[in-house]
Amino acid sequence: MASSLFSSPAKPCYPTTRPPTPTLSSRAAAPRFAHGLSAAAAVKASPSLHRLRALARPIRASQQQPPRRRPEYIPNRIDDPNYVRIFDTTLRDGEQSPGATMTSAEKLVIARQLARLGVDIIEAGFPASSPDDLDAVRSIAIEVGNTPVGEEGHVPVICGLSRCNKKDIDAAWEAVRHARRPRIHTFIATSEIHMQHKLRKTPEQVVAIAREMVAYARSLGCTDVEFSPEDAGRSNREFLYHILEEVIKAGATTLNIPDTVGYNLPYEFGKLIADIKANTPGIENAIISTHCQNDLGLATANTLAGARAGARQLEVTINGIGERAGNASLEEVVMAIKCRGELLDGLYTGINPQHITLTSKMVQEHSGLLVQPHKAIVGANAFAHESGIHQDGMLKYKGTYEIISPEDIGLTRANEFGIVLGKLSGSHAVRSKLAELGYEISDKEFMDFFKRYKEVAEKKKRVTDEDIEALLSDEIFQPKVIWSLADVQATCGTLGLSTATVKLIAPDGEEKIECSMGTGPVDAAYKAVDRIIQIPTVLREYSMSSVTEGIDAIATTRVVITGDVSNNSKHALTGQSFNRSFSGSGASMDVVVSSVRAYMSALNKMCSFAGIAKASSEVHESASVQSKE
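Residues numbered from 1 in each chain as written. Predicted model: local features only at pLDDT ≥ 70, side-chain atom pairs only at ≥ 80, totals over all residues. Heavy atoms only, no water.

Trainee: In this structure, what is going on with the packing of helix H15 (residues 356–367) against helix H19 (residues 465–475)? I would like to understand it.
Mentor: The interhelical angle for the contact between H15 and H19, taken along N-to-C directions, is 45°, at an axis separation of 10 Å. What the angle tells us is that H15 and H19 run oblique. Of the two possible hands of crossing, H15 and H19 adopt the one that is right-handed. Touching Leu 358, Lys 361, Glu 365 and His 366 of H15 are Glu 466, Glu 469, Ala 470 and Ser 473, all from H19. A per-class count over the contact of H15 with H19 returns two nonpolar, two polar and four charged. (Axes fitted to C-alpha atoms, helices over the stretch in contact; angles between N-to-C directions. Helix = DSSP H or I, 4+ residues; strand = E, 2+ residues; numbered from the N terminus. Parallel < 35°, antiparallel > 145°, perpendicular 65-115°, else oblique. Left-handed = near helix turned anticlockwise from the far one by under 90°. Contact = heavy atoms within 4.5 Å. Nonpolar A, V, L, I, M, F, W, Y, C, P; charged D, E, K, R; others polar.)

Trainee: Got a minute to help me understand the pattern of salt bridges in this structure?
Mentor: Note that side chains of opposite charge can pair when their charged atoms are close. Scanning the model with the defined rule gives 34 salt bridges in all. In this structure, Arg 70 engages Glu 152 in a salt bridge whose closest nitrogen and oxygen atoms are separated by 3.0 Å. Residue Arg 70 is located in the loop between helix H5 (61–64) and strand E1 (85–88), and its partner Glu 152 is located in the loop between helix H7 (131–143) and strand E3 (157–163); the two are separated by 82 residues in the primary sequence. On the basis of relative accessibility, which here comes to 33%, the residue Glu 152 falls in the partly exposed class. One salt bridge in this structure joins Glu 226 and Arg 183, with 2.6 Å as the shortest N-O distance. Residue Glu 226 is found in strand E5 (residues 225–230), and its partner Arg 183 is found in strand E4 (residues 182–189); the two are separated by 43 residues along the sequence. Note on Glu 226: relative accessible area 0%, which makes it buried. For Arg 183, a relative accessible area of 0% gives the class buried. Residues joined by salt bridges that share partners form a network here, namely Asp 135, Arg 138, Glu 174 and Arg 177. (Salt bridge = Lys/Arg side-chain N within 4 Å of Asp/Glu carboxyl O. Buried < 20%, exposed > 50% of the residue type's maximum accessible area, 1.4 Å probe, protein only.)

Trainee: Help me understand the packing of aromatic side chains in this model?
Mentor: Given two aromatic rings, one states the distance between the centres and the angle between the planes to describe the pair. Going through the model one piece at a time under the given rule, you end up with six aromatic pairs. The interplanar angle of 45° and the centroid separation of 6.5 Å between the aromatic rings of Phe 446 and Phe 449 together place this pair among those described as tilted. With Phe 446 and Phe 449 both in helix H18 (residues 443–457), this residue pair falls three residues apart, about one helical turn. Since its relative accessible area comes to 3%, Phe 446 is described here as buried. By relative accessible area, which is 0% here, Phe 449 ends up buried. Taken together, a centroid distance of 5.6 Å and an interplanar angle of 20° make the contact between Phe 446 and Phe 450 stacked. Here Phe 450 and Phe 446 lie together in helix H18, a separation of four residues that amounts to about one turn. One cation-aromatic arrangement involves Arg 431 over Phe 446; the distance from NZ or CZ to the ring centre is 4.3 Å. (Phe/Tyr/Trp six-rings, centres within 6.5 Å; stacked < 30°, edge-to-face > 60°. Lys NZ or Arg CZ within 6 Å of the ring centre and 35° of its normal.)

Trainee: What exactly am I supposed to notice about the sheet that holds strand E12 (residues 537–546) here?
Mentor: Across a sheet, strands are paired by hydrogen bonds formed along the backbone, either parallel or antiparallel in direction. In spatial order, the strands read E12-E13-E14; together these three strands make up an open sheet with antiparallel pairing. With partners counted over all chains shown, the strands left at the sheet margins are E12 and strand E14 (581–588), one partner each. Here the strands of the sheet are splayed against their neighbours by 15° on average, with no regard to which way each runs. Bridge analysis of E12 against strand E13 (residues 555–563) gives nine bridges, and the strand direction is antiparallel. For Ser 546, the partnering residue across the bridge sits in E13 and is Ala 555. (Pairing = 2+ DSSP bridges.)

In structure tokens form, the structure reads like this:
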């Protein structure tokens, strides 16, 4: 099965132009082959030649399969056997990437874009991990989970993750119950190594817990419950069949089969899905799903193998972000299905690929996790051609080296309406650009953003889409402001130590000023900030890049810091408290200002998280005292 899936001859899906259709006169003068046969006669004489030509015929990815309507959503079945649900876990598994912590505002804007993209299920977070995550999932359920999008009025399922315990399930239900289509996703480990060393429970105990917790989730009023046997890729087959049978009886509507550590090869994972489909009693009453990690670089391949073997839900993330080496990439999986549908038995999804590029950019911007230039589908070099041979082929016919059209994924070379923003552009033009880029912000937020835009436009001749997105992220999608930057002034050079003076506005409105020296202007400025805020932190990562080319480019800075705020953050899989890391981003035409903005963004996330955790702890302690009284 795997060999037929991954070794078949490539069939181009791209090409912008087709050869001109022959006229009657050209048909009359059809070329003759060396043996004197016309083209038509040659085809009759050699059917294999006709098949060869059919294989070589270039077709765009967007034309590979005709558009088909998304089937009505029913939790435990899909009326069209060829339809594959896309379950996006960017906001849950993706956010578990170190430093990828996003604000509630950032999560909400990404969730809106995922709905426009057409994902069937949005796993919005792990509500039990922190009060902030619960609030973020709840806000997504209320807004995105009740707002139809697109011509078909699509409303995605909003899902919350939970371990197999009542506290987690209660938190998940509290967060997602406000959505039109809520789902609880609960899991417990089933591999021998996990049960023995992590859970320290017998297989019988694990089955009993899974059965009880799925039934408990259903008892809350949730009619859509997903169950995952964690580390299924290394679990005993017979045990898997048994536990899946039991949770189906308890009410599970989707059975997710995770290759949690990215251990399986494609043929192994495909066989695992096929075996579960063939040997699990009651499997016809549930949807089989895949969740493949990328530790060996096989997540996309395993996901496609699982789909071909019978899985009808695929768990993915934008840009493949996630723990360790990440997850199966949504854009890779979706475009592979769209481009090579003939080898996947006609499978199709409800994804609108025109939104892929914008969604990828949004996730990069808000998570701070940039994709490598050679990343499939969305990398900067994915449609770049530098080799002379490649360029020659592209100039003659694009299908020679591109199997996907850039336009298929919403990658445009120029503005459709020819609008170029600059210092003379008014608010209407800028608002139109924001709408074109997929951003919806309030009037107050727009006025704050427009002020920053004008400051940049005065210094730059042309403001690009990338500039707009960087400024928007820096101005709007920042954490709750606790400490704000008023001014920063730095001196540096070869003649002496670098110095920096920083003025911050405290939470009570008081202005605080500090000066410091450092090995460079950024180091000096960060030390001045530390002297004001006085919160012990460790700078884990620092990176800077220019948004566009040119000496007047906006600089975007990303930092990752850690601090002692681990008391209320739990890991989704292990349940252990951990010293959470916080990322921050900043943008400015001045590299020092950009750096300080990024540092302040991360510090505000840390302060906000610590405050929420402290408040939650105080409420819990108060409730405990009252109950004792």
